[in-house]
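Residue-level listing of the chains:
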Amino acid sequence: MAQWTSAVGAAQLARQLNSQSRPTGPGVRKPPAYRALADGVRLLVLEGRVPVAARLPAERELAVALAVSRTTVAAAYEALRAEGFLESRRGAGSWTAVPAGNPLPARGLEPLPPESLGSVIDLGTAALPAPEPWLTRAVQGALEELPPYAHTHGDYPAGLPALRQMLADRYTARGIPTMPEQIMVTTGAMGAMDAICHLFAGRGERIAVESPSYANILQLMREAGARLVPVAMAEGLTGWDLPRWRQVLRDAAPRLAYVVADFHNPTGALADEDQRRALVEAARSAGTVLVADETMSELHLDDEYAMPRPVCSFDPAGSTVITVGSASKAFWAGMRIGWVRAAPEVIRSLVAARAYADLGTPVLEQLAINWLMSTGGWEQAVSVRRAQARENRDALVAAVRRELPDWEFHVPDGGLTLWVRTGGLSGSRIAAVGERVGVRVPSGPRFGVDGAFEGYVRLPFTVGGPVAEEAAARLAAAARLVESGASSGTETPRTSVA
């Protein structure tokens, strides 16, 4: 019986390996070809871009794809077996593994288990602790309103009518007239995106995505069988590159496009109104459904910040733009309430399809969010959240600038993340070594398509004060180990950063 659970094709593995740059120039010692290949595969496994228990290509196939000799591939596979990163059996092939005692690499950005929080600073998840006393008050308010619903079946595939009306009213107050029939409540923004992808983008369909983009959404789309079409962001935190978007929408004709206009995850970029209007027009002309993720929209961190109008304001009927919102970033990640705003016929289709997925969202959590929004508690809780995020951002920025002066980043005006260029070091190596020195950080390739952004890491400002200072100090220690080559005992791959 085969021990592998998935397979990696030769062409795919070759692309991932070729994305790993190595230092060149006078005085740089070049490792043997087999050693470089083994190090590259091991890094992909440690980073999680090649899953554990994935069958690797046959030696001859990979040799052709990489334009190297079969002997080189055979020697690399033998080195990986000796180090515990590869297992083989005659007739079953070779599949990836991790040595005993090594943690399995996370495929997404799963939070650390509570028992690990005392020894590891977790910068893997962009989420803050719950704002109190508002969480407790919301749950208490929900319990008071629960009895009438407890006498019903409890299944509300489109969401509680009261919460749908509340969300519709909030869009109307923002200048976008909205009916409850245009709202579906979901189990978080991920639940919303899963429903949208299954309705609009069947297996093999193209989806245009920002590059970089939110890692968990990219993985969701991959697992749905979508073909991702990356579109590079504009330089700095200036939003989208509209000429590139127009070209992709025209030439690739994607069924869906997914964007985060408000404090983009991971870069923190904010698209202005002209960009929003132009992208909606381009999507409408191409026949592409534009999904606008608003989960960060309320996390502007400067007082009296003038936010651009929402993307859906340029398509109020919802024929081109589908909006996704969530309580998870603005309020608390443990409150798994999201929503979709779209044309009524789209909402009806999403609700019908949901009968084969999760049926509906927990009633008690919907009542809690409705209580917050109807009492003014939402605005007060979000104000607390902004103040906390702003304080953390400033502390983390100061600590990283002091400990890692060669690292480059723009300070965003909102959201929860810094997108950091790591001075030419491999973000994947920093992430791997960071686990050993007590700081968990996701590397840039998690947010790209096909291994891009090796020279970046994402740093959420979810810790502040002395913890932020200690996190930066541990990152600096990891960077020193990577630069010295102590992370693997071989030369450290660097990236050429333009």
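The following refers to the structure shown. (Residues numbered from 1 in each chain as written. Predicted model: local features only at pLDDT ≥ 70, side-chain atom pairs only at ≥ 80, totals over all residues. Heavy atoms only, no water.)

1. Describing a nonpolar patch on the surface
Our working rule: The patches reported here contain residues having more than 30% relative accessible area and no salt bridge. Joining distances are 9 Å for like charges and 5 Å for nonpolar side chains (Val, Leu, Ile, Met, Phe, Trp, Tyr). Here the open area of atoms and residues is found with the Shrake-Rupley method and a 1.4 Å probe, where only the protein chains shown may cover a residue. Each reported salt bridge corresponds to a side-chain nitrogen of Lys or Arg within 4 Å of a carboxyl oxygen of Asp or Glu. Where helices and strands are cited, they refer to DSSP runs of H or I of at least four residues and of E of at least two residues respectively, numbered from the N terminus. The rule is simple: take the accessible area with a 1.4 Å probe, protein chains only, and divide by the maximum for that residue type; under 20% is buried, over 50% is exposed, in between is partly exposed.
Where nonpolar side chains cluster on the molecular surface, the patch consists of Val139, Leu143 and Leu364 and spans about 220 Å² of accessible area. Along the chain, leucine 364 falls in helix α13 (residues 363–375). Using a relative accessible area of 34% as the deciding quantity, one classes leucine 364 as partly exposed.

2. Focus on helix α1 (residues 10–18)
Test applied: Arc, as used here, means the arc of the directions from the helix axis to the C-beta atoms.
The set of residues buried in α1 consists of Ala10, Leu13, Ala14, Gln16 and Leu17. Down the axis of α1, the smallest arc covering the buried residues is 165°, so these residues share one side.

3. With respect to the sheet that holds strand β7 (residues 206–211)
Strand pairing in a sheet takes place through backbone hydrogen bonds and is either antiparallel or parallel in direction. Here is the rule we go by: We call two strands paired when DSSP finds no fewer than two bridges between them. Lines fitted to C-alpha atoms define the axes here, with helix axes fitted over just the stretch in contact, and angles between the N-to-C directions of these axes take values from 0 to 180 degrees. By definition, residues are in contact when any of their heavy atoms lie within 4.5 Å.
Here 7 strands make up an open sheet; going across it, the order is β6-β12-β11-β10-β9-β7-β8 and the pairing mixed. In this open sheet, the two edge strands, each paired with only one partner strand, are β6 (183–186) and β8 (227–232). Sheet twist, expressed as the mean angle between neighbouring strand axes with direction ignored, is 20°. Note that strand β11 (residues 321–326) and strand β12 (residues 338–341) share 4 bridges and pair antiparallel. Across the sheet, serine 326 pairs through a bridge with glycine 338, a residue of β12. Contacts from helix α7 (residues 161–173) reach β6, β11 and β12 within the one sheet, and its direction differs from that of β6 by about 120°.

4. Considerations on the packing of α7 against α13
Here is the rule we go by: Roughly parallel covers angles under 35 degrees, roughly antiparallel covers those over 145, roughly perpendicular covers 65 to 115, and oblique covers all other angles. For a crossing to be left-handed, the near helix must be turned anticlockwise from the far one by less than a right angle; the clockwise case is right-handed. Think of it as three bins: nonpolar holds Ala, Val, Leu, Ile, Met, Phe, Trp, Tyr, Cys and Pro, charged holds Asp, Glu, Lys and Arg, and polar takes everything else, Gly as well.
Contact pair α7 / α13: the axes reach a minimum separation of 9 Å and the direction vectors enclose 40°. The angle between α7 and α13 falls in the class oblique. Judged by the twist between their axes, the crossing of α7 over α13 is left-handed. Contacts from Ala162, Leu163, Met166, Leu167 and Arg170 in α7 reach Gln366, Ile369, Asn370, Met373 and Ser374 in α13. Grouping the amino acids of the contact of α7 with α13 by side-chain chemistry returns 6 nonpolar, 3 polar and 1 charged.

5. What to know about the nonpolar core
One broad rule of soluble globular proteins: the nonpolar side chains tend to lie buried together. The condition that has to hold: The nonpolar core is taken to be a set of buried Ala, Val, Leu, Ile, Met, Phe, Trp, Tyr and Cys residues, with the residues joined through side-chain atoms within 4.5 Å.
Trp240, Trp245, Leu290, Phe331, Ile369 and Trp378 are the most contacted members of the largest nonpolar core, which has 56 residues in total. Counting residues per element, this core draws most heavily on α13, which supplies 7 residues. Each residue touching tryptophan 245, except ones within four places of it in the same chain, is listed here: Ala208, Val209, Glu210, Val231, Trp240, Ala257, Tyr258, Val259 and Leu279. Membership of the second largest hydrophobic core comes to 37 residues, among which are Phe409, Val433, Val441 and Ala476.

Any link to function would need more than the numbers given here.
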